[in-house]
Amino acid sequence: MTHTDDQLGQHEAELHDLLERTVNAVPVPVGLAPSALQHGRRLRTRRRAGLAASFAAGTAAAAVAAALIVPNALGGSVSSIDPAGGPTSATASEPPEPPARVDWPAGWWDMLAPDMVAAVGAILPDDVVVRSSGPLIADTAEGGVALGYIAPRLTGPTGPGTLYLTLLPNVDFLTAPGLPVTTPTTGPAPSLSDADALSCPANLSTRVQCEVLRAPDGTVSGRRSSTTSGLITNLEVVLQRDGGTVYAAAINNLDGGSDGQPGASADEPPLTLDQLEDLVRNDTWVMPAT
Amino acid sequence: MRDSPPIDEDFTAFVAARSPALYRSAWLLTTSAPAAEDLVQSALAKAYVHWRRVQAADDPAAYVHGIVLKTFLSNRRRRSSGEIPVDAPPDRPSSDRDPTERLALMAALRTLPPLDRAVVVLRYWEDRSVDETAHTLRLSPAAVKNRSLRALARLRLTLIDPELLELASTEARHDSHG
């Protein structure tokens with residue numbers, strides 16, 4: 001098609017007007033902030049755990065460097081990219097090579113996200129169903145199928161909500177200078193907002209209920225907690241199992257819940273705290289991959 | 001040490017202020033509400049992890065918009081590992097009085113390659129210049145102009161296709177009754 005400058009300008013103006021008319025009428029989900037915060041914390045936890053594992057193995061520098069290097073499909077050469085995927089990153093027109101990722105010890109925590117969603121569907125109580133899988137792509141610059149992390153949307157007896165499930169290796173964070181302390185024995189009281197906090201903090205607020213979980217020998221092995229913020233209730237269970245940690249949270253929010261009250265998709269999360277703990281304790285998560 | 005609370009506060013304030021613009025750009029890129037939400041969530045999670053860097057940027061909003069674009073283009077290259085629809089997405093009330101035009105636009109945008117769609121969003125929704133678009137997408141200005149022309153022509157052809165408009169009208173009627 002041939003355009004004169006006038007025609008082109010007119011066409012551009014028409015498209016601009018069309019976008020203004022249609023896009024400004026699109027309803028924007030409310031409550032994106034708390035959901036984004038949840039996603040960000042999970043991603044941060046997994047990244048820190050991955051980095052800590054690399055530090056602990058004495059291969060941090062090489063592993064981090066490997067994670068930050070992907071083939072530049074534009075030029076076919078190798079270049080460094082912004083780990084945040086920021087605007088300075090290259091955009092390519094061809095698929096990248098299989099991604100390099102920060103390695104941590106291989107184990108059951110590397111379960112493929114689609115398998116995790118299927119497992120959750122099989123474990124859930126009869127009156128709770130998976131409505132959608134949530135993103136199955138890794139939230140990392142390296143991309144690929146997510147391992148050990150899912151955020152499916154569920155519908156329970158009280159309505160829809162989101163489940164966050166993360167599998168992690170037990171990493172000795174204390175060997176990694178500058179990385180977060182994850183045990184309750186050292187450092188500041190952990191915040192309940194962090195997935196890697198294995199125990200209850202000393203200074204609980206009225207919005208937070210927390211119960212320590214103990215192994216048969218009496219040692220602290222995790223926690224189960226409930227946190228309310230406005231209309232949102234966030235239930236969490238964290239449990240160390242077989243060399244790793246299973247973290248799960250159920251929240252009455254749909255990444256921007258629009259079903260009635262702002263931010264809340266239902267009166268309660270789709271799972272109870274007991275059901276969430278049953279999910280975390282299910283042996284599916286600690287089975288080696290076949 | 002853990003991140004101090006102000007990070008969460010700053011991040012939450014940023015999301016509250018910028019999420020409408022981010023979501024609408026994501027909606028144009030993905031052409032679907034659930035995919036737009038997932039894209040914005042993924043991009044914001046990355047922004048949160050690197051929040052200090054976002055804050056240090058000359059234009060933090062543009063920086064996060066760039067993350068949205070990068071995430072979109074990366075995800076499009078990995079379609080095989082994308083979302084698995086398990087059930088119908090949750091219903092979402094729409095404020096559209098007449099969604100026909102919106103649905104037609106969505107259908108038209110879907111006919112564009114992802115990179116061309118990104119060019120359209122930057123040039124005609126975010127009002128970026130050719131040079132800014134070229135810089136963001138790591139293309140030459142000539143390539144941006146070429147893709148803009150191609151996308152404009154494609155959109156015009158598609159939007160005046162009566163069959164497509166009829167399809168959009170059918171979808172709109174279905175939506176209004178569903």
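Worth saying up front: this structure is predicted, and the values here are computed from it rather than measured.

**Side note on the overall build of chain B**
Thinking step 1. In terms of regular secondary structure, chain B is built from nine helices and zero strands.
Thinking step 2. Each helix (α) and strand (β) of chain B, taken in turn from the N terminus, gives the series α-α-α-α-α-α-α-α-α.
Thinking step 3. When the 178 residues of chain B are sorted by exposure, 41% land in the buried category.
Thinking step 4. Once local pairs closer than 6 in sequence are excluded, the contacts in chain B between residues at least 24 apart make up 66%.

**Thoughts on unusual backbone geometry**
All names here are of chain B.
Thinking step 1. Residues other than glycine seldom take positive phi values, yet Thr-31 does so here, at roughly 60°.
Thinking step 2. Its location among the elements puts Thr-31 in the loop between α1 (5-30) and α2 (33-49).
Thinking step 3. The partly exposed category is assigned to Thr-31, around which 18 C-beta atoms lie within 10 Å.
Thinking step 4. Phi at Arg-138 takes a positive value of approximately 55°, unusual for a residue other than glycine.
Thinking step 5. For Arg-138, the position within the fold is in the loop between α7 (130-137) and α8 (141-159).
Thinking step 6. Looking at Arg-138, the number of C-beta atoms within 10 Å reads 15, which means it is partly exposed.

**Focus on α2(B)**
Thinking step 1. An ideal rise of 1.5 Å per residue puts 24 Å on 17 residues; α2(B) measures up with 24 Å between its terminal C-alpha atoms.
Thinking step 2. Within α2(B), 15 of the 17 residues are buried, which leaves the element mostly enclosed by the surrounding structure.

**A closer look at the confidence of the model for chain B**
Residue and element names in this part refer to chain B.
Thinking step 1. Averaged over all residues, the pLDDT of chain B is 77; the fraction at 70 or higher stands at 73%.
Thinking step 2. Per-element confidence in chain B ranges from a low mean pLDDT of 54 for helix α9 (residues 162-177) to a high of 92 for helix α6 (residues 114-125).
Thinking step 3. Contacts for the low-pLDDT stretch residues 79-94, under 50 throughout, to residues beyond four places or in other chains number 35 contacts.
Thinking step 4. Reported confidences for the modelled complex are a pTM of 0.49 and an ipTM of 0.74.

**Describing the environment of Pro125(A)**
Residues and elements named next belong to chain A.
Thinking step 1. For Pro-125, the position within the fold is in the loop between α4 (113-123) and β3 (129-132).
Thinking step 2. For Pro-125, a count of 15 C-beta atoms within 10 Å corresponds to the partly exposed category.
Thinking step 3. In sequence terms Pro-125 and Leu-271 are 146 residues apart; their C-alpha atoms lie 8.7 Å from each other.

**Looking at the environment of Asp131(B)**
Residues and elements named next belong to chain B.
Thinking step 1. Tracing the backbone shows Asp-131 in helix α7.
Thinking step 2. Classification of Asp-131 by C-beta neighbours within 10 Å gives exposed; the count is 10.
Thinking step 3. Each C-alpha atom, one on Asp-131 and one on Lys-145, is 9.7 Å from the other, the two residues being 14 residues apart in sequence.

**Considering the nonpolar core**
All names here are of chain B.
Thinking step 1. With 52 residues, the main nonpolar core has Ala-26, Val-40, Val-68 and Ala-118 as its most contacted residues.
Thinking step 2. Looking at this core element by element, the count peaks at 10 residues for α2.
Thinking step 3. A domain split of this core shows at least three residues from each of domain 1 (1-83) and domain 2 (97-178).
Thinking step 4. Excluding residues within four positions of it along the chain, Ala-26 makes contact with Ala-36, Leu-39, Val-40 and Val-68.

**Examining the pairing of strand β10 (residues 244-251) of chain A**
Residues and elements named next belong to chain A.
Thinking step 1. Here β10 lies mainly inside the structure; eight of its eight residues are buried.
Thinking step 2. Alternating positions in β10 separate into two faces, Gly-244, Val-246, Ala-248 and Ala-250 on one and Thr-245, Tyr-247, Ala-249 and Ile-251 on the other, with burial throughout.
Thinking step 3. Bridge count between strand β6 (residues 159-169) and β10: eight bridges; the pairing is antiparallel. From the neighbouring strand, Leu-168 faces β10, where its bridge partner is Thr-245.
Thinking step 4. Sheet topology places strand β9 (residues 232-241) next to β10; eight bridges connect them, and they run antiparallel. Residue pairing for β10: Leu-239 is matched across the bridge by Val-246.
Thinking step 5. Hairpin remark: β9 followed by β10, antiparallel, with two residues in the connecting loop; positive phi at Asp-242, about 45°.

Cut-off values and rules
- Position numbers for residues count from 1 along each chain, tracking the sequence in the order it is written.
- Think of it this way: whatever chain is written first is A, whatever ligand is written first is 1, and the rest follow in order.
- Side-chain atom pairs in this predicted model are given and counted only at pLDDT of 80 or more, local residue features only at pLDDT of at least 70, and totals for whole chains, interfaces and linings cover all residues.
- In DSSP terms, a helix is any run of H or I states spanning at least four residues, a strand is any run of E spanning at least two, and both are numbered starting from the N terminus.
- Labels follow a simple rule on C-beta atoms placed from the backbone: if 20 or more others lie within 10 Å of a residue's own, it is buried; if 12 or fewer, it is exposed; otherwise it is partly exposed.
- Contact between residues is assigned whenever the C-beta positions, reconstructed from backbone atoms, fall within 7 Å.
- Expected helix span is taken as 1.5 Å per residue step, with the number of steps being one fewer than the number of residues.
- A residue's pLDDT is the confidence the predictor assigns to it, expressed on a 0 to 100 scale.
- By convention in this section, buried Ala, Val, Leu, Ile, Met, Phe, Trp, Tyr and Cys residues joined through C-beta atoms within 7 Å make up a nonpolar core.
- Just so you know, the domain bounds were taken from an automatic or database domain assignment.
- Whether two strands pair depends on DSSP finding at least two bridges between them.

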